[in-house]
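Reading the structure
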Amino acid sequence: MKVKKSLTLALVGTMLFSGLLAGCGSNNKTKEEATTAHPSGLKPYELKMYLIGGPQKDLNLVLGEINKYTKEKINATLDITMFDWGDYDKKMQVITASGEPYDIAFTASWTNDFRRNAANGTFMGLNDLLDKYGKETKAALDPRFLEGTKIKGEIYGVPVNKELGQQWVWRFNKKYLDKYKMDISNVRTLEDLEPLLKTIKASEPGNITPLAVAKNYKPYLPFDYVLGDELPIGVYMDSKDGKVVNVLETPELEQSLDTMRRFYQAGYLRPDVATLDGIDNIKTGQWFADREITQPYADKGWSRPAGYEIVSSPMHDPYVYTQSAAGSMHGISVTSGDPDRAMMFLNLLNTDKYLRNLINYGIEGTHYKKISENVIEDLPAMKDSYAMPGFSLGNMYLTYLHADEPADKWDAFKKFNDSATEAPTFGFAFDSTPVKTEVAAINNVSKEFIPALFTGSVDPKVYLPKATKKFKEAGLDKVIAEVQKQFDEWKATKK
Amino acid sequence: MRIFKPKEKEVDNNAISSFWNVVLNIMIGLFAFTCVFPFLFVIAISFTDEKVLAINGFSLIPDKFSMAAYEFVFSTGDQLLRSLGVTLTVTVIGTIISLILITTYAYVLSRRTFRYRNFFSFFAFFTMLFSGGMVPNYIVATQFLHLYNTIWALILPIAMNAFFILVMRTFFLTTVPDALVEAAKIDGSGELRTFVQIVLPISLPGIATIGLFCTLGYWNDWFNALLYIDDAKLVPLQAMLMRIQNNMEFVIQNSMQMGSSFEIAATMPKETVRMAMVVLATLPIALAYPFFQKYFVQGLTVGSLKE
Amino acid sequence: MSAFFKSLKNDKALWFMVLPGTLWFLIFCYLPMFGTIIAFKDFKIHRDGFFASVLNSEWVGIDNFKFLFSTEDAYLITRNTILYNVALIFLGLVLAVTIAIALNELVNKRMAKVYQTAMFMPYFLSWVIIGFFTFSFLSVDKGILNQIIVFFGGDPVSWYADSRFWPFIIIFMGIWKSIGYSSVVYLAAIAGIDKSYYEAAMIDGASKWQQIKYITLPLLKPLMIILTILAIGGIFRSDFGLFYQIPRDSGAIYSVTNVIDTYIYRSMSTTGNLGMSTAAGLYQSVVGFILVMLTNYIVKKISKENAIF
C-alpha cells in the first residue's frame, strides 16, 4: 500500500513540474531589435550554426572577420559551434530532439543523417528556398547532387560541391610492386589480385600482410546496397527491372566468398581479421595491398602522410550513390528563426570565394600567406589554432590550393564526377519505419555473420547457409519486400 | 580452521597465525599484481615510439623510448592544465555538495522513528531504475536550469545517487545505535547537532567510502561534459581524453564514407597519446587515494590495541 | 493526513534534512521521467520544442518494444544476461567480502594498503584499454597464451572464435575490474564495527574463525543484503564494455557474449530511433523493478530490518 501511495505522489510531483517546464520552454522566439537600416532592407539576425570537427582556438577571431563581411552582405552575423567528430552525431540528436532553436547544421549520410532528420521533421524542405535565394549555388552544382539527396521530391540539404562518385580501389605499397616488377594496370577483381598476393606470401617474411584489411572488409560485388553494405539487400548494378535481391543468395557472392576463404586459408589476411577494428598498415608499412575509396589525385594524398609511395588500381568504374552524393551537406532546421537568411548565407558560402576561403583557411597573414592568386602556404598558426575540415564548409571548388597540389585539382574532380554513372537506386531513400523491428533484428544477424564470412574467416559452405537461415528468421524477406515496394513506388514517380 | 585454534590461543594478540598470514599474502598479492600489471603496460606504451609500437606490439620495457606522446599532449598548451583545474574544482566542490546531500538524506532514512522513512527510501530507490533518458535530462538542465556551459552542469546532475544513499543509510543503521541518538536527545541536543557532533564522527569509514565514490564519480565523469559543455575553458580532463578516443574510433569506422579525409586521418592523435592521456588522467587521483584509504584500511589491529 | 502534519511538526529537523535531496530527485530524476512516454510514440520533431514534439507524436502502442522479442535471440540474450548477472552478483559478493575480511586480517597493514590500492587500479582503466590487453593475451598469432601453448607443444586456440572459454573469461574480467571497488564498502563496514565486540570475544576464547562467523559476518549482513537487492534491480542490464570490447564484437561467440545491452546497441546501429531505445531502457527497468519489489518483499518477510522499504 505504501508503495502505491509513493508512486502516486511521485507521479503528481512529476506532472506539476513538467507543467512548469512546458511554460519555460517556449519563450525562445527571436528578438527583433530596431537598428539602423541595412541597405538590403534586412533586419539584423544572428545565425546559429553547428559544424563538425575539433573546436578551434581561433574560431572567434575568424568569426569576427566573417561577421564583418556577412553583416555587410546580408546583415547577418554568425555564431558557429563545433562538435568533435565522435560527438557530433550524439550532440545533434540531443539538440534536435530537445527542440533547441538553431539555423544551420552540418549533415551527411554518415553523421547527423539527413534522412533521419528529414524523416523525423528536424530539417526544412529547401526546394523553394533554393529557388529563391540559392540560384547561384544550384547552378554551380552537378544537378545530380540535388537529385540524389531528394527525399520524396524535397531537398533537405545544400550539398557541398566535391567528389560525387564513389570508386573502390586496391591500394598497393609501391615498394613491393617495384621489387617484384608487378603490373597492376589490369588488376580489378579478387581473382586478378590472387597471383600477386601469392608471390608476396611466398617471398616476403611473415610479418608482411599481403592483404591488409580489417573486419569492415567486403569483397567488391556489383550491387547497389540499399541499406548500407552491412545489410545484404541490393540491386544489381546493371539491373534493368530494378529487382531487389538477397545478396547472400547470389552466385557472385558465393564465388567471392570462396575466393576469400582461399585467401584466408593461404594466410593472405591477418588470422584475426574478423575481430580487427582497424589495421595500422599505413603506419607500419608492413603491407602489400588493401582497399580504399578513391578520388582524383588520391595516390598523392595517401603517399604524403605515409612517407612512402602508395599507388592504386580501381575495382570498378565510379558510380554515384545516394550516400556518396550526400557526403557533406548543410541543412536548415525547422526551429530556425529566419530560414530565408540561413539560405542566403549558405548561398554566399557556396559562391563567394572570399568568404569560403576565410572560413576554411582563416585570415590571410595570420593563418596563411598567399604565394600566388590561387595558391597559399600554411603558417604555423593554421595547424595550431585553425585547422578546419575543408570538405564540410561549402563548395570545395572555390578553395585555394597548396603549392604541392596539382593546379587542375578541381578540374580533375569535375571530370571524375562527369565520368561517374548513377547507381540504380540513386536518389531513392528507404523509410525503415514500417519494418523497424525487422531491421533491428537483421542488424544483429549481420554483426554476427558478415565480418567472419566476408573476410573468409569461416567456411562459407557451412556458414553461408547458416547466416541465410538466420537472416530469414529475423525478417530479411519482409524487409526486402518493403524495400521493393517503396522502390517501385519511387520509380513510378520518377517517370 | 579448527586445528589452528589452540595455536591462536597461545599467541594472545588477535592476529591470524603466521601460516595463514603468508598464505593470504601470497594469494592477495598475486591477484593485486594482475591488477597493476596492465597499468604498468599503459605507462610503458606511453613512452614507446609510435611506429615501433605498431610494428613490434608492446612490451614492458619500451623497444624505443620516446617522449613524443607527452610532447603532443603538452603541445595543446594550457588546455591540459586548464582541464585539470576544471576537474579538480568540480571534484572538490562536487564531493562536498554530494556528501552533504547524501548524508543528510540517508540519515533521515536511517531514523527508525521517522514515520515516512519508507516513502523516502522508495522515492530514492525508484530513481535507480527509472530515468527519463538523455533528452529529457538535457532539457531540464539546459532549458529549465540554464546550466549549459556552466561548471554546475558538471556537478548538479550527478550530485546525488540513490545507490550511495542506500549504502550510507545501511552504514548509519549498523554503526549508529538508536540508543545513542535517544541519549543525546534526552541531554537536550537538537536533531541537527546530534547529527553533526555525534553521528558523523562515528560514521567516518562510511563517509570516507561514499566520499571516495563521489570523488571518483566526479573525476571520471565525461558524459555530462559531452552533453553540456562546449566551452574549451570548462572541459574536464576525462572529457578531453574521451573526445580523443571517440574521434579515433569514429575516424576508423567512417573513414571510407568521409571521402576527402586524408587530412583528418593524418592529424589524429595516436595510440601512445591515448595511453599518455590515461596516465595523466589517472595518476593524480591515484595519488589522492591514500587519503581516503586511511579511513577504511585500519592502521591498528584489535590485538595491538589491547597491548 | 493529521499524522502527516504531526510528523512535520515533531520531526521538523528531519524534514529539513530530507528536503534538499528530495528536491534534487524531483528535478533531476522525476521531472525528466515525463520523457518515458516516447517509448510508446513514433517520435517526430515539432518546431515548438520537445514537449510539442512529444504531444504531437503519434501513439504506436508497444510497437517500439517488438524488436526486443522478434527473434529467437530474445531467449538467448535474456538467458545470457541473467546467468552472467547471477554469477557476477554471487561471486562478486562472496569475493568482495572475503577479500575485505582477508585484507583486514593481514598482519602487516602497510601491505594491506598496497594490495588494496593495487586492486583498485583496474577501476581506472576503461574497457577499451582492458580489451586491448586481453587481446594481447588471446590474439591467435601473437597472443601470449597461444605462445605458451605452442611452447608446450599444444595447438594454438583461436580464442575469439571458441565460445567454450568465454563464460569464464567474461566472469573473471568482470570480477577482476570491480572487486577493488566493491570490497571497499565492506572494508569500511568492518572498520566501523565496534572493537569491543572482538575484545569480548577474545576474552571468551573465541577463535578467529568464530569471530568472523559470529561477529563480522552478521554485522556485514545488512550491507550484503542491500547491495544484493540493488544489484538484482540491474539484472537486465550489463556492463556494456565487458560484453562488447572484451570479446571484440566477435560474431562467432555471440551465443555466449550477446546480452540485452549489446543486442540493443547493435539493433540501433543503422536505425537509431529514440522511441525504440527508450522502450528498451524501460523494459529493462520494469523487469528490474519487479524483481526488486519481489526480493524486497521476501526479505521483509524474513527480517523486516534489512528490507529497503
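Being a predicted model, the structure only gives us computed values, none of them experimental.

1. Here we look at the overall build of chain B
A count of helices and strands for chain B gives 16 helices and 0 strands. The burial tally for chain B puts 55% of its 307 residues in the buried class. Counting only contacts in chain B whose residues sit at least 6 apart along the sequence, the fraction spanning at least 24 positions is 70%.

2. A short note on the overall build of chain A
Within chain A one finds 20 helices and 19 strands. Scaling as 2.2 N^0.38, a compact globule of 495 residues should have a C-alpha radius of gyration of about 23 Å, and chain A matches this with 26 Å. Taken along its principal axes, the extent of the C-alpha atoms in chain A is 80 × 75 × 55 Å. Residues classed as buried in chain A amount to 60% of the 495 residues present. Sequence separation of at least 24 residues holds for 76% of the intrachain contacts in chain A that already meet a minimum separation of 6.

3. Brief notes about the UniProt feature "transmembrane region" (unreviewed entry) in chain B
All names here are of chain B. UniProt tags residues 21-47, 84-107, 119-139, 151-174, 195-219 and 273-292 as "transmembrane region" (unreviewed entry). Secondary structure within residues 151-174 divides into 54% helix and 0% strand; the distance between the first and last C-alpha atoms comes to 36 Å. In this annotation, residues 273-292 is assigned 100% helix and 0% strand; the end-to-end C-alpha distance for the span is 30 Å.

4. Thoughts on helix H6 (residues 117-129) of chain B
Residue and element names in this part refer to chain B. Given a rise of 1.5 Å per residue, 13 residues ought to cover 18 Å, and the 19 Å separating the end C-alpha atoms of H6 matches this to within 8%. Most of H6 sits inside the fold, with 11 of its 13 residues counted as buried. The complete set of buried residues in H6 reads Arg117, Phe119, Phe120, Ser121, Phe122, Phe123, Ala124, Phe125, Phe126, Thr127 and Leu129.

5. Side note on the environment of Ala452 of chain A
All names here are of chain A. Residue placement: Ala452 occurs in helix H18 (residues 436-454). Along the backbone, Ala452 and Ile376 are 76 residues apart, and their C-alpha atoms lie at a distance of 47 Å. Excluding residues within four positions of it along the chain, Ala452 makes contact with Ala274, Ser457 and Val458.

6. Digging into unusual backbone geometry
Unusually for a residue other than glycine, Asn75 of chain A sits at a positive phi of about 50°. Locating Asn75 of chain A in the fold gives a position in the loop between helix H2 (59-74) and strand E2 (76-83). Phi is positive for Arg248 of chain C, which is not a glycine, with a value near 55°. When you line up the elements, Arg248 of chain C lands in the loop between helix H11 (240-244) and helix H12 (254-257).

7. Some words on the packing of aromatic side chains
Counting across every chain of the model gives 87 aromatic pairs over all chains. With centroids separated by 6.2 Å and ring planes inclined at 25°, the aromatic side chains of Phe114 of chain B and Phe120 of chain B adopt a geometry described as stacked. Here Phe114 of chain B matches Phe120 of chain B in class, with each residue buried. Over the face of the ring belonging to Trp127 of chain C we find Lys177 of chain C, whose NZ or CZ atom lies 4.9 Å from the ring centre.

8. Description of the pattern of salt bridges
All names here are of chain A. One pass over the structure, following the stated rule, counts 42 salt bridges over all chains. For Glu377, the salt bridge identified is with Lys369, shortest N-O distance 3.8 Å. Classification of Glu377 by relative accessible area gives partly exposed; the value is 36%. Take Lys369: its relative accessible area is 40%, and that puts it in the partly exposed class. Through salt bridges that share partners, Asp142, Arg144 and Glu422 make up one connected network.

9. Regarding the interface of chain B and chain C
Tallying the contact residues gives 105 residues for chain B and 94 residues for chain C. With both chains or domains summed, chain B and chain C bury close to 9,200 Å², and 77% of this area falls on carbon and sulfur atoms. Here chain B and chain C share 1 salt bridge between them. Close ionic contact of Arg112 of chain B with Glu305 of chain C constitutes a salt bridge, the shortest N to O distance being 2.5 Å. On the surface where chain B and chain C come into contact, there are 14 residue pairs in polar contact (both at pLDDT 80 or more). With 15 residues, the single largest contributor to the side of chain B that touches chain C is helix H2 (residues 18-46) of chain B. Looking at the side of chain B that touches chain C residue by residue, the classes come out as 65 nonpolar, 26 polar and 14 charged.

10. Describing the packing of helix H11 (residues 204-220) of chain B against helix H8 (residues 166-191) of chain C
At their nearest, the axes of H11 of chain B and H8 of chain C sit 8 Å apart, and the two run at 160° to each other. Between H11 of chain B and H8 of chain C, the interaxial angle falls into the category roughly antiparallel. Seen from H11 of chain B, the contacting residues are Pro205, Gly206, Thr209, Leu212, Phe213 and Leu216 of chain B; seen from H8 of chain C, they are Tyr181, Val184, Val185, Ala188 and Ala191 of chain C.

11. Concerning the nonpolar core
Burial of nonpolar side chains together is a common tendency in soluble globular proteins. With 297 residues, the main nonpolar core has Phe345 of chain A, Tyr105 and Phe296 of chain B together with Phe25 of chain C as its most contacted residues. At 16 residues, the largest contribution of residues to this core is made by H8 of chain C. Per-domain counts for this core show at least three residues from each of domain 1 (2-161 + 325-361) and domain 3 (213-277 + 430-495) of chain A. Not counting residues within four places of it along the chain, the set of residues in contact with Phe296 of chain B comprises Ala208, Thr209, Leu212 and Tyr289 of chain B together with Gln116, Val184, Leu187, Ala188 and Ala191 of chain C. Counting residues in hydrophobic clusters, the runner-up holds 28 residues, among them Leu177, Tyr217, Tyr268 and Ile293 of chain A.

12. Quick word on the packing of helix H5 (residues 78-110) of chain B against helix H8 (residues 162-175) of chain B
Residues and elements named next belong to chain B. One way to put it is that H5 packs onto H8 with a least axis distance of 8 Å and a crossing angle of 55°. As the angle between them shows, H5 and H8 are arranged oblique. The way H5 lies across H8 gives a crossing that is right-handed. Within the contact between the two elements, H5 uses Ile102, Thr103, Tyr105, Ala106, Tyr107, Leu109 and Ser110 and H8 uses Phe164, Ile165, Leu166, Met168, Arg169, Phe172 and Leu173. Of the residues assigned to the contact of H5 with H8, the class counts are 11 nonpolar, 2 polar and 1 charged.

13. Topic: the sheet that holds strand E15 (residues 329-332) of chain A
Residue and element names in this part refer to chain A. Taken together, the 5 strands give an open sheet; going across it, the order is E2-E1-E3-E15-E6, and neighbouring strands pair in mixed fashion. Sheet topology places E2 and strand E6 (158-159) at the edges, where each strand pairs with a single neighbour. For E6 and E15, the ladder comprises 2 bridges, and the chain directions are antiparallel. Opposite Val158, over in E15, you have His330 as the bridge partner.

14. Considerations on the pairing of strand E1 (residues 45-52) of chain A
Regular strands have side chains that alternate between both faces of the sheet. Residues and elements named next belong to chain A. Most of E1 sits out of view: 6 of its 8 residues are buried. Across 8 bridges, E1 lies against E2 in parallel orientation. The residue bridging Leu51 from the neighbouring strand is Met82, located in E2. You can see the chain leave E1, run along H2 and come back into E2, and the turn it takes is right-handed.

15. Things to note about the UniProt feature "domain: DUF3502" (unreviewed entry) in chain A
According to UniProt, the positions carrying the feature "domain: DUF3502" (unreviewed entry) are residues 424-492 of chain A. Taken as a whole, residues 424-492 of chain A contains 72% helix and 0% strand, while its terminal C-alpha atoms sit 14 Å from one another.

16. A few points about the environment of Leu227 of chain A
Residue and element names in this part refer to chain A. Looking at the secondary structure, you find Leu227 in the loop between strand E9 (223-225) and strand E10 (233-236). Accessibility expressed as a relative area gives 17% for Leu227, which makes it buried. Sequence separation of Leu227 and Phe430 is 203 residues, and the distance between their C-alpha atoms is 7.6 Å. Not counting the four nearest positions on each side in its chain, Leu227 is found in contact with Ile233, Phe430, Val439 and Val483.

17. So, a nonpolar patch on the surface
A surface patch of nonpolar side chains, amounting to about 600 Å² of accessible area, comprises Val286, Ile290, Leu294, Tyr297, Ile298 and Ile302 of chain C. Given the relative accessible area of 46%, Ile290 of chain C is considered partly exposed.

18. Some points on the sheet that holds E10 of chain A
Residues and elements named next belong to chain A. Taken together, the 3 strands give an open sheet; going across it, the order is E9-E10-E11, and neighbouring strands pair in antiparallel fashion. Looking at the sheet topology across the chains shown, the edges are occupied by E9 and strand E11 (244-246). Neighbouring strand axes in the sheet, compared pairwise and without regard to direction, differ in orientation by 45° on average. Against the sheet, helix H20 (residues 476-494) contacts E10 and E11, and its axis sits at roughly 165° relative to E11.

Thresholds applied
- Residues numbered from 1 in each chain as written.
- Chains lettered and ligands numbered in written order.
- Predicted model: local features only at pLDDT ≥ 70, side-chain atom pairs only at ≥ 80, totals over all residues.
- Heavy atoms only, no water.
- Helix = DSSP H or I, 4+ residues; strand = E, 2+ residues; numbered from the N terminus.
- Buried < 20%, exposed > 50% of the residue type's maximum accessible area, 1.4 Å probe, protein only.
- Contact = heavy atoms within 4.5 Å.
- Rg over C-alpha atoms; globule rule 2.2 N^0.38 Å.
- UniProt positions renumbered as here; feature names shortened; annotations may be inferred.
- Expected span 1.5 Å × (residues − 1).
- Phe/Tyr/Trp six-rings, centres within 6.5 Å; stacked < 30°, edge-to-face > 60°.
- Lys NZ or Arg CZ within 6 Å of the ring centre and 35° of its normal.
- Salt bridge = Lys/Arg side-chain N within 4 Å of Asp/Glu carboxyl O.
- Buried area = accessible area lost by both parts, 1.4 Å probe.
- Polar contact = N/O pair within 3.5 Å; in protein donor to acceptor, adjacent residues only side chain to side chain.
- Nonpolar A, V, L, I, M, F, W, Y, C, P; charged D, E, K, R; others polar.
- Axes fitted to C-alpha atoms, helices over the stretch in contact; angles between N-to-C directions.
- Parallel < 35°, antiparallel > 145°, perpendicular 65-115°, else oblique.
- Core = buried A, V, L, I, M, F, W, Y, C linked by side-chain atoms within 4.5 Å.
- Domains from an automatic or database assignment.
- Left-handed = near helix turned anticlockwise from the far one by under 90°.
- Pairing = 2+ DSSP bridges.
- Right-handed = clockwise from strand over helix to strand, strands pointing away.
- Patch = residues over 30% accessible without salt bridge, like charges linked within 9 Å, V, L, I, M, F, W, Y side chains within 5 Å.
- Areas by Shrake-Rupley, 256 points an atom, 1.4 Å probe, with all protein chains shown as cover.

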